[in-house]
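Observations on chain architecture
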There are 4 protein chains.
Amino acid sequence: MTPSDVELVGRYTDIFQIGARNCQNYQLLEEVGRSGKPVMLKRGMAVQYEEWLLLAEYILAQGNPDVMLCERGIRSFETYTRNVFDLTAVPVVKHLSHLPVIADPSHGTGHWHLIPAMSRAAVAAGADGLMIEVHHDPSHAMSDGAQSLKPERFRALLPELQVIAGAIGRTLAPVREPIAAD
Amino acid sequence: MTPSDVELVGRYTDIFQIGARNCQNYQLLEEVGRSGKPVMLKRGMAVQYEEWLLLAEYILAQGNPDVMLCERGIRSFETYTRNVFDLTAVPVVKHLSHLPVIADPSHGTGHWHLIPAMSRAAVAAGADGLMIEVHHDPSHAMSDGAQSLKPERFRALLPELQVIAGAIGRTLAPVREPIAAD
Amino acid sequence: MTPSDVELVGRYTDIFQIGARNCQNYQLLEEVGRSGKPVMLKRGMAVQYEEWLLLAEYILAQGNPDVMLCERGIRSFETYTRNVFDLTAVPVVKHLSHLPVIADPSHGTGHWHLIPAMSRAAVAAGADGLMIEVHHDPSHAMSDGAQSLKPERFRALLPELQVIAGAIGRTLAPVREPIAAD
Amino acid sequence: MTPSDVELVGRYTDIFQIGARNCQNYQLLEEVGRSGKPVMLKRGMAVQYEEWLLLAEYILAQGNPDVMLCERGIRSFETYTRNVFDLTAVPVVKHLSHLPVIADPSHGTGHWHLIPAMSRAAVAAGADGLMIEVHHDPSHAMSDGAQSLKPERFRALLPELQVIAGAIGRTLAPVREPIAAD
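Fair warning: this is a prediction, and the values are worked out from it, not measured in the lab.

Analysis parameters
Residues numbered from 1 in each chain as written. Chains lettered and ligands numbered in written order. Predicted model: local features only at pLDDT ≥ 70, side-chain atom pairs only at ≥ 80, totals over all residues. Heavy atoms only, no water. Helix = DSSP H or I, 4+ residues; strand = E, 2+ residues; numbered from the N terminus. Rg over C-alpha atoms; globule rule 2.2 N^0.38 Å. Buried < 20%, exposed > 50% of the residue type's maximum accessible area, 1.4 Å probe, protein only. Contact = heavy atoms within 4.5 Å. Areas by Shrake-Rupley, 256 points an atom, 1.4 Å probe, with all protein chains shown as cover. Buried area = accessible area lost by both parts, 1.4 Å probe. Salt bridge = Lys/Arg side-chain N within 4 Å of Asp/Glu carboxyl O. Pairing = 2+ DSSP bridges. Axes fitted to C-alpha atoms, helices over the stretch in contact; angles between N-to-C directions. Parallel < 35°, antiparallel > 145°, perpendicular 65-115°, else oblique. Left-handed = near helix turned anticlockwise from the far one by under 90°. Nonpolar A, V, L, I, M, F, W, Y, C, P; charged D, E, K, R; others polar. Least-squares fit on C-alpha atoms with pLDDT ≥ 70 in both. Polar contact = N/O pair within 3.5 Å; in protein donor to acceptor, adjacent residues only side chain to side chain.

Looking at the overall build of chain A
Looking only at helices and strands, chain A features 7 helices and 7 strands. Relative to a compact globule of 182 residues, whose C-alpha radius of gyration would be 16 Å, chain A shows 16 Å and is just as compact. Counting only C-alpha atoms and orienting by the principal axes, one finds that chain A spans roughly 40 × 40 × 35 Å. Counting every position in chain A, which comprises 182 residues, the buried fraction comes to 55%. Across chain A, contacts joining residues at least 24 apart in sequence account for 61% of those joining residues at least 6 apart. Of the accessible surface of chain A, which amounts to about 8000 Å², a share of 53% is contributed by carbon and sulfur atoms.

Considerations on the interface of chain B and chain A
By a widespread convention, an interface's size corresponds to the accessible area lost as its parts come together. Each partner contributes to the interface: chain B provides 37 residues, whereas chain A provides 37 residues. Taken over both partners, the interface formed by chain B and chain A buries close to 3000 Å², and the fraction arising from carbon and sulfur atoms is 70%. Summed over the three residues of chain B that lose the most area to chain A, namely Phe77, Tyr80 and Thr88 of chain B, the buried surface amounts to 20% of that side. Taken together, the connections running from chain B to chain A amount to 2 salt bridges.

Observations concerning the environment of His98 of chain A
All names here are of chain A. Its location among the elements puts His98 in the loop between α4 (89-96) and β4 (101-103). When its relative accessible area of 66% is taken as the criterion, His98 is described as exposed. For His98 and Pro116, which are 18 residues apart along the polypeptide, the C-alpha to C-alpha distance reads 27 Å.

So, the environment of Val123 of chain A
Residues and elements named next belong to chain A. In this fold, Val123 is placed in helix α6 (residues 115-125). In this structure Val123 comes out as buried when scored by relative accessible area, which is 8%. When near neighbours in sequence (up to four residues on either side) are disregarded, Val123 contacts Leu130, Leu161, Ile164, Ala165 and Ile168.

What about the sheet that holds strand β1 (residues 16-18) of chain A?
All names here are of chain A. One open sheet accounts for 5 strands, arranged β1-β2-β3-β4-β5; its pairing is parallel. Each edge of the open sheet carries a strand with a single partner, namely β1 and β5 (129-130). Examined bridge by bridge, β4 and β5 share 2 bridges and lie parallel to one another. Its bridge partner lying in β5, Ala103 is registered against Leu130.

Structural notes on the sheet that holds strand β1 (residues 16-18) of chain D
Residue and element names in this part refer to chain D. In spatial order, the strands read β1-β2-β3-β4-β5; together these 5 strands make up an open sheet with parallel pairing. In the strand order of this sheet, the two ends are held by β1 and β5 (129-130), each with one partner. Where strand β2 (residues 39-42) lies against strand β3 (residues 67-71), 4 bridges are found, and the strand directions are parallel. Residue pairing across strands places Leu41 opposite Leu69, the latter belonging to β3.

Overview of helix α2 (residues 26-34) of chain B
Considered for burial, the residues of α2 of chain B that qualify are Leu28, Leu29, Glu31, Val32 and Gly33 of chain B. Just past α2 of chain B, the residue Gly36 of chain B takes up positive phi, approximately 80°.

Topic: the packing of α6 of chain A against helix α6 (residues 115-125) of chain B
Packing of α6 of chain A against α6 of chain B brings their axes to within 7 Å, and their N-to-C directions diverge by 155°. The pairing of α6 of chain A with α6 of chain B is recorded here as roughly antiparallel in orientation. Between α6 of chain A and α6 of chain B lies a crossing whose hand is right-handed. Contacts from Ala117, Met118, Arg120, Ala121, Ala124 and Ala125 of chain A of α6 of chain A reach α6 of chain B at Ala117, Met118, Arg120, Ala121, Ala124 and Ala125 of chain B. Among the residues making up the contact of α6 of chain A with α6 of chain B, the classes are represented as 10 nonpolar, no polar and 2 charged.

A few points about the relation of the copies chain A and chain C
Note on the copies: chain A fits chain C at an RMSD of 0.0 Å, the axial shift is 0.0 Å, and the rotation between them is 180°. Classification of the inter-copy transformation places it as that of a two-fold axis. Taking the C-alpha atom as reference, chain A places Phe77 of chain A closest to the rotation axis, 2.4 Å from it. The fraction of interface residues of chain A whose copies in chain C are also interface residues reaches 100%, indicating that both copies meet through the same surface.

Some thoughts on the interface of chain A and chain C
Facing the 4 residues of chain A at the interface are 4 residues of chain C. Both sides together, the interface formed by chain A and chain C hides about 290 Å², and carbon and sulfur atoms give 77% of it. If you look at where chain A meets chain C, you find 0 salt bridges. Linking chain A with chain C are 0 residue pairs in polar contact (both at pLDDT 80 or more), by the criterion used here.

Following this line, the structure appears as structure tokens:
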């Protein structure tokens, strides 16, 4: 992204998401650091925990304190799932830093039917947020349909997560409804 | 193990544990299959889910239905933890088979301070059991002290797990106290 | 393998091969160590170099000095090849030990058309031997046909390897012809 | 890199090198594609062969035919070496495409003493070029000293590589001497 791209996107977005494939694009990290907007930094497919925290420093060093890390799975030999969803990242990052950690079971597993169990696990591990793909018609989604929940399944998951969150002394913030396409 | 080893161990143990390094020792799998005792089969460090289930078949095919699978972490590039504790194994195995799944956060992470969070996550993901190393004096343990909880920390974890289990409609069986060394 | 299995196989074989899946079957390692026959120890799919050398010690410690190590590929995220054929194992093992190293490009790559290039590379890296699968009718082989050379391709490879060997001051021992099936 | 960065660097460099960490920076790939200069695209640490070739398409699609791929090692569980130097990439890329392949045993292994063997192996596997770090005083290098050859070792390697190249019907282009720092 050129500076003007970050500027352009920044006019419309609340949060910049840096994807796994660009998490070592140091120039982009510095630019979103200067944007003044919160940044969610996804973990690269072969990035170690300590390297990930050092990548966050490129953003923080620009004076932007609003950085979230997002575990979305790493690459390994297992082919059944899209990635290996490494939830140990949650307590490790909390042990090593003060930054909030988000978990993305959609990319982490690649299969909608694995999302409920792994969402519950992420909350139980202490994740500060979840990123779940939702689509009203996943089989016709332009991308990532296989890892998207239908809105009704997503709604059914929320009370389960609420109970898990309560079990570890936390609460679930109200969820904004998926945006309707019409 | 020779047949007489399995026979000898079988006189004293309630459950055979097949470790990660011997999970593809086909002859041993068949022998414990013939033992008539329950078997806990740990996942090898580079074994895919479907291969793991096929390894279980070596035991089941001997007429022994009492097989448990145990996720204990796989090998990857991350060096902060001893292994990558792949909790997605829990819902995947439950999706593909009827076998119970145990989670071992001690080997899975290698660090005692990560065990509570990952135990909670394992229960939330639907694990049917946990294997946690406990030692009254971990810094002098003959092995695996770094991944062992002290008895008091272990006891403090149980009510937390009880609440998580309840949140997904399950209960925690009473835990047998760690055996005292005296 | 029970002791009698090692004894039985030992009556007919010149060399014991311990496969990747049993390279951490410590009892088997000790038994072939006591057999008095040479042993080729394949590297496990997730075994580090130093662990591999320590596995060899189980054999050597029985008084059997005739141990060869065999690199046959490790597991990684690449799915185009059967394994990742890690030829750096050759100079590393030679740096750390006195044991001979064999390279197996058949298992290492899984594709017959990659065998010639990787055989040349293995010899150039200093491998002390090659293990190449050969079959007169690969498409009907009971196993591993896709990674088998036809006899004529194997024969054509030998002079190329001879030249590479010569280039690093070594020679190729005469090759025993593939055994005819009749 | 912003367009002006590519423009600025392009004034002084003969070849753009895209490092492993930016090989999925799609915007940068397109910009160097438009630069009219040759581009060497390093393989990312967790990039599969077919993904790598698709990354090259971002450059080629801009009308720039001068793309070289560079294998520099992938991430795995082995910690003795800096990376796992995957030389099978050489015949695979040649099988799947027409692009030249360079091998970088410095990054691939991380140890100067492994460079000679793996350079020979790379040439024998069919690599079209080598990228070897050379430093007159490696122990005081600002970076990568451990994986740098001294000039005299580098010079001693060249005739060995010449012979290997000859063994597979190729020749070694004359090497430009390392630039003196004075």
